[in-house]
Amino acid sequence: KVGNNPTMWKYYSENLSNASKHLNKQYSDIDFKNPVDNDSLSSIGELTSLSKIVNMLRAMAIECLFKALWLKCGEKLAINGEFKKIPDTRNHNLVSIEKEISKKIDLNISENENDLLKELSYYNSHGRYPIPTKWSFLKKHINNGLENKSSRSHGVSADKELFDDLEKRLTDIFNE
């Protein structure tokens, strides 16, 4: 029952999003240009390692929100006690998940939001594991400039506002 409860998926989305916001706040408060002493340098090193985790949590939050929307459409994610992914999607690929949900609900995803979903899909696995399951996956994202994006500060997406706007709109759609 829990696996098919859209409210539970939305609840977990909120938890993951809140955790990402708290970590991002700590990260954003660092003055990278003017570290005061060696302790600050150590702290900077520790916090910069969180950048992938912030984006991973954002990705996981959006994925849970997408699954909540899928369930609100009357679909199932759990059958006979077993989790079933959304048909015709790739694991944790937010773009493929969004496309399937958009067949049922108009999510009105912009080009910038689609780019953000691509980036977050990368962090959905790269935030958890030191290497991707396939080199071609990492190479594709490096070639697309996701690792060297000029809009990024030390690996944390500068698109916080875009994420927040997307999350709010999806939540509003859920609440309709």
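These lines cover the structure that appears in this document, whether it is placed above or below. Everything numeric here is computed off the predicted structure, so don't read it as measured data. All residue numbers refer to positions counted from 1 along the written sequence of the respective chain. With pLDDT at 70 or above as the cut-off, local features in this predicted model cover only qualifying residues; side-chain atom pairs require 80 or more to be listed or tallied, and sums for whole chains, interfaces and linings still use all residues. Water and hydrogen atoms play no part in the side-chain values, which are based on all heavy atoms of the structure.

Looking at the overall build of the protein
Broken down by element type, the protein carries 7 helices and 2 strands. The secondary structure listing takes helices from DSSP runs of H or I that are at least 4 residues long and strands from runs of E that are at least 2 residues long, numbered from the N terminus. When the elements of the protein are put in sequence order from the N terminus, they spell out α-α-α-β-β-α-α-α-α. Contact criterion: two residues are considered in contact whenever any of their non-hydrogen atoms come within 4.5 Å of each other. Counting only contacts in the protein whose residues sit at least 6 apart along the sequence, the fraction spanning at least 24 positions is 72%. With an accessible surface of roughly 10,300 Å², the protein has 51% of that area assigned to carbon and sulfur atoms. Computed by Shrake-Rupley with a 1.4 Å probe, the accessible areas treat only the displayed protein chains as cover when residues are assessed.

Description of the environment of Cys-64
Within the secondary structure layout, Cys-64 lies in helix H3 (residues 51–72). Residues Cys-64 and Ser-13, 51 residues apart in the sequence, show an inter-C-alpha distance of 5.1 Å.

Focus: the packing of aromatic side chains
Side-chain rings of Phe, Tyr and Trp, where Trp is taken by its six-membered ring, are said to pair if the distance between their centres is within 6.5 Å; with planes under 30 degrees apart they count as stacked, over 60 as edge-to-face, and otherwise as tilted. For the structure shown, the criterion picks out 3 aromatic pairs. In this scheme, Lys NZ or Arg CZ marks a charge over a ring once it lies within 6 Å of the ring centre and within 35 degrees of the ring normal. One Lys or Arg, Arg-58, reaches over the ring of Phe-163 and ends 5.5 Å from the middle of that ring. The ring of Phe-174 has Lys-72 sitting right over it, with the charged end atom 4.6 Å from the ring centre.

Topic: the nonpolar core
Nonpolar side chains tend toward joint burial in soluble globular proteins. The definition of a nonpolar core used throughout is a set of buried Ala, Val, Leu, Ile, Met, Phe, Trp, Tyr and Cys residues joined through side-chain atoms within 4.5 Å. Per-residue accessibility, obtained with a 1.4 Å probe over protein chains only, is compared with the maximum for each type, and a residue is labelled buried under 20%, exposed over 50%, and partly exposed between these values. Counting residues in each nonpolar core, the largest one holds 30 residues, and the members touching the most others are Ile-62, Phe-66, Leu-69, Ile-101, Leu-107 and Leu-170. With 12 residues, H3 is the single largest residue contributor to this core. Other than its neighbours up to four places away in sequence, Leu-69 contacts Ile-101, Ile-105, Leu-107, Leu-170, Ile-173 and Phe-174.

A few points about unusual backbone geometry
The backbone phi angle of His-92 is positive, close to 60 degrees, even though this residue is not glycine. Considering the arrangement of structural elements, one finds His-92 in the loop between strand E2 (82–83) and helix H4 (94–102). Of the residues examined, His-92 reaches a relative accessible area of 32% and is grouped as partly exposed. Located in the positive-phi region is Asn-108, a residue other than glycine, with phi close to 50 degrees. Structurally, the position occupied by Asn-108 is in the loop between H4 and helix H5 (111–126).

Here's the deal with the packing of H5 against helix H7 (residues 160–175)
Running from amino to carboxyl end, H5 crosses H7 at an angle of 100 degrees, the nearest separation of the two axes being 10 Å. Between H5 and H7, the angle falls in the class roughly perpendicular. For the pair formed by H5 and H7, the contact residues are Asn-112, Glu-113, Leu-116, Leu-117 and Leu-120 on the first element and Leu-162, Phe-163, Leu-166 and Arg-169 on the second. Nonpolar residues are Ala, Val, Leu, Ile, Met, Phe, Trp, Tyr, Cys and Pro. Charged residues are Asp, Glu, Lys and Arg, and all others, Gly as well, are polar. By residue class, the composition of the contact of H5 with H7 is 6 nonpolar, 1 polar and 2 charged. Think of each axis as a best-fit line through the C-alpha atoms, taken over the contacting stretch in the case of a helix, with angles from 0 to 180 degrees between the N-to-C directions. Every angle not falling under 35 degrees, over 145, or within 65 to 115 is termed oblique; those three ranges are roughly parallel, roughly antiparallel and roughly perpendicular.

Focus on H7
At 3.6 residues per turn, the α-helix brings residues three or four places apart onto the same side. Counted at 1.5 Å a residue, the expected span for H7 with its 16 residues is 22 Å, and the 22 Å between its end C-alpha atoms agrees. Buried within H7 are the following residues: Phe-163, Leu-166, Glu-167, Leu-170, Ile-173 and Phe-174. On an axial view of H7, the arc spanned by its buried residues comes to 125 degrees, and they lie on one face. Residues of H7 that are exposed and angled more than 90 degrees away from the buried face: Glu-161, Asp-165, Lys-168 and Asn-175. For a helix, the expected span equals 1.5 Å multiplied by the residue count minus one. What the arc covers is the set of directions going from the helix axis to the C-beta atoms.

A short note on a positive patch on the surface
Put simply, a patch holds well-exposed residues, over 30% relative accessible area, that have no salt bridge, with like charges counted together within 9 Å and Val, Leu, Ile, Met, Phe, Trp or Tyr side chains within 5 Å. The term salt bridge refers to a pairing of a side-chain nitrogen on Lys or Arg with a carboxyl oxygen on Asp or Glu at a separation within 4 Å. We treat Lys and Arg as the positive residues and Asp and Glu as the negative residues; His and chain ends play no part in the count. Taken as the charge location is NZ of Lys, CZ of Arg, CG of Asp or CD of Glu. A contiguous patch of positive charge, built from Lys-85, Arg-90, Lys-99 and Lys-118, is present on the exposed surface. Here Lys-85 shows up in the loop between E2 and H4.

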